[in-house]
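Close look at the chain arrangement
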Amino acid sequence: MKPVRPPMVTHADANAGVKLYSGDCRDVLPEMADASIHLVVTDPPYFLDRLDDSWSQPGIERSKRRADVIGGLPVGMKFDRRQAERLQTFLQPVAVELLRVLKPGGFLLLFAAPRLYHRAAVAVEDAGFEIRDAFAWHFTGKAQFKAFTMNHFVRRRGDMSSAQKAAALKRLDGRRTPQLRPQFEMILCAQKPREGTFVDNWLAHGTGLIDSRQSLTGRVPETVMTVAKADKDSANKHLTPKPTRLCAHLIRLFSAEGQTVLDPFAGSGTVCLAALEAARNSIGIDVNPDYLEMARRRLKTGR
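Nothing here was measured: the structure is a model prediction, and the numbers come from that model. (Residues numbered from 1 in each chain as written. Predicted model: local features only at pLDDT ≥ 70, side-chain atom pairs only at ≥ 80, totals over all residues. Heavy atoms only, no water.)

As for the pairing of strand S7 (residues 130-138)
Along a regular strand, successive side chains alternate from one face of the sheet to the other. Sheet topology note: the S7/strand S8 (residues 184-191) ladder contains eight bridges and is antiparallel. Paired with Ile131 across the two strands is Ala190, which belongs to S8. Pairing of S7 with strand S9 (residues 224-226), which is carried by three bridges, proceeds in the parallel orientation. From the neighbouring strand, Trp137 faces S9, where its bridge partner is Met225. (Pairing = 2+ DSSP bridges. Helix = DSSP H or I, 4+ residues; strand = E, 2+ residues; numbered from the N terminus.)

Examining the pattern of salt bridges
Pairing is possible between side chains that carry opposite charge, provided their charged atoms lie close to one another. The final tally for this structure, using the stated rule, is 13 salt bridges. A salt bridge links Arg119 to Glu85; its shortest N-O distance comes to 3.8 Å. Note that Arg119 is positioned in helix H4 (residues 117-126) and Glu85 in helix H3 (residues 82-101), a separation of 34 residues in sequence. A salt bridge links Glu222 to Arg219, with the shortest nitrogen-to-oxygen separation between them at 3.3 Å. Exposure remark for Glu222: the relative accessible area of 31% places this residue in the partly exposed category. (Salt bridge = Lys/Arg side-chain N within 4 Å of Asp/Glu carboxyl O. Buried < 20%, exposed > 50% of the residue type's maximum accessible area, 1.4 Å probe, protein only.)

Here we look at the packing of H3 against H4
Relative orientation and spacing of two packed helices are given, respectively, by the angle between their axes and the distance between those axes. Look at H3 against H4: their axes get within 8 Å of each other, and the N-to-C directions meet at 30 degrees. Put simply, H3 runs roughly parallel to H4. H3 and H4 meet at a crossing whose hand is right-handed. Note on element contacts: H4 touches H3 through His118, Arg119, Ala120, Val122, Ala123, Val124 and Asp126, opposite Ala84, Glu85, Gln88, Leu91, Gln92 and Ala95. Broken down by class, the residue content of the contact of H3 with H4 amounts to seven nonpolar, three polar and three charged. (Axes fitted to C-alpha atoms, helices over the stretch in contact; angles between N-to-C directions. Parallel < 35°, antiparallel > 145°, perpendicular 65-115°, else oblique. Left-handed = near helix turned anticlockwise from the far one by under 90°. Contact = heavy atoms within 4.5 Å. Nonpolar A, V, L, I, M, F, W, Y, C, P; charged D, E, K, R; others polar.)

What to know about the packing of aromatic side chains
On inspection of all chains with the given rule, the structure shows five aromatic pairs. Between Phe111 and Trp137, the aromatic rings sit 6.3 Å apart at their centres with planes inclined by 90 degrees, giving edge-to-face as the arrangement. In this pair, Phe111 is assigned in strand S6 (residues 102-112) and Trp137 in strand S7, connecting sequence segments 26 residues apart. Trp137 carries the same exposure label as Phe111, and that label is buried. Between the aromatic rings of Trp137 and Phe139, the centroid separation amounts to 5.2 Å while the plane-to-plane angle is 70 degrees, which identifies the pairing as edge-to-face. As far as the burial class goes, Trp137 and Phe139 line up, both buried. Chaining the aromatic ring pairs together yields one cluster made of Phe107, Phe135 and Phe254. Cation over ring: Arg194 sits above Phe198, and NZ or CZ is 3.8 Å from the ring centre. In this structure, Lys242 packs its charged tip against the face of Phe111, placed 5.4 Å from the ring centre. (Phe/Tyr/Trp six-rings, centres within 6.5 Å; stacked < 30°, edge-to-face > 60°. Lys NZ or Arg CZ within 6 Å of the ring centre and 35° of its normal.)

Structural data, given as structure tokens:
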């Protein structure tokens, strides 16, 4: 069993059971002990328009300024299948390490963009996880409709006469790029293989079963989870923040009080904050020092 690496950055309140590591999870995870984590909840980079494994601040700022454009074209007009392939290549060795540090029967809950989910699932499955389910985070509020019309591109064509352009616009009849208004995000539910039966595994490791008393609707837990998007405010300026309420629900559903939750892509610390609210210990890792500082502030203030 490998010794746990001392955290490079630690939350100010050591009694809260929160540790923040500053660095690339591909460097930090190999230093963590085998079978030391009960649950992983994480939101990895999606490899969309500069949001790759470096997750650098300049790249993030460029993506904010060009949220609807890739390489000079609207998002819907430039499709690159290699984005999904790069995500799979990046995730698989990370998933191998996550499998090692999880206790037998422990769960991995991984957020993924709908069109990249399949590659994330393949990476995780090839690492040795069992794919147990797929959840949908249905976010409320009016998401931006990013489909683009072709009118502008027809009108600027130099190889068409005015009559041809008019005819083309009539044939297009307002058609847009193939993007519907987004209303959900996928959550992959994977599990490290158990040791023995569900009962044996739970008694030995405290993992592998869910707490069915946890529900967002007051009924039983459901695969579609409706929670409002997180607000981007002065406390949390992350580009893609996840709601603390949703993460806390997942943590309560798939772990028990006093256990340890890991987020290898901690960002602004939402999973660690949610674990704190749910009376769990947590470990967060992030390569971006600005986000880690943001996480420390949020953990101090509780928001």
